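So the chains spell out like this:
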Amino acid sequence: VCMAVFLSEAARDLGGKMVGIWFPISAFVAMGMEHSVANMFLLPAGILSGAPITIAKMVVKNWIPVAIGNAIAGTVCVAASYSYAFGALGK
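Residues numbered from 1 in each chain as written. Predicted model: local features only at pLDDT ≥ 70, side-chain atom pairs only at ≥ 80, totals over all residues. Heavy atoms only, no water.

Caption draft 1: Broad picture of the overall build of the protein chain. Broken down by element type, the protein chain carries four helices and zero strands. Counting helices and strands in the order they occur from the N terminus, the protein chain gives α-α-α-α. Taking the principal axes of its C-alpha atoms as reference, the protein chain extends roughly 50 × 30 × 20 Å. Out of the 91 residues in the protein chain, the part that is buried amounts to 15%. Counted over contacts in the protein chain with a minimum sequence separation of 6, partners at least 24 positions apart contribute 42%. (Helix = DSSP H or I, 4+ residues; strand = E, 2+ residues; numbered from the N terminus. Buried < 20%, exposed > 50% of the residue type's maximum accessible area, 1.4 Å probe, protein only. Contact = heavy atoms within 4.5 Å.)

Caption draft 2: Spotlight on the packing of aromatic side chains. As enumerated under the stated definition, the model contains two aromatic pairs in all. Each ring, one from Phe6 and one from Tyr82, has its centre 5.1 Å from the other, and the planes form 45 degrees; the classification is tilted. Taken as a pair, Phe6 in helix α1 (residues 2-10) and Tyr82 in helix α4 (residues 55-86) lie far apart in primary sequence, 76 residues in all. Here the aromatic rings of Tyr82 and Phe86 are separated by 5.4 Å at their centres, their planes lie at 45 degrees, and the arrangement is tilted. Of the two residues, Tyr82 and Phe86 are both situated in helix α4; the distance of four residues between them amounts to about one turn of the helix. Linked through ring pairs, Phe6, Tyr82 and Phe86 together constitute an aromatic cluster. (Phe/Tyr/Trp six-rings, centres within 6.5 Å; stacked < 30°, edge-to-face > 60°.)

Below, the structure written as structure tokens:
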């Protein structure tokens, strides 16, 4: 998802921006990964709909691990790919 933001900002026209966000987000969804912001909407909506889960379980077993994973993967993967493309790792 972070890569989609960077690719969108790097594109100069609307078509490039659309293509820039389409592929990273599609790949993210196709791999079955979870996003902390999406979970912050979907899990409470499930609880309000009667899902058998407590708020504490939701936070401890989903929000915290997913947020940590998103932060690590977002910073490492995006930083490494941009450093390889434009920085010291690519030289």
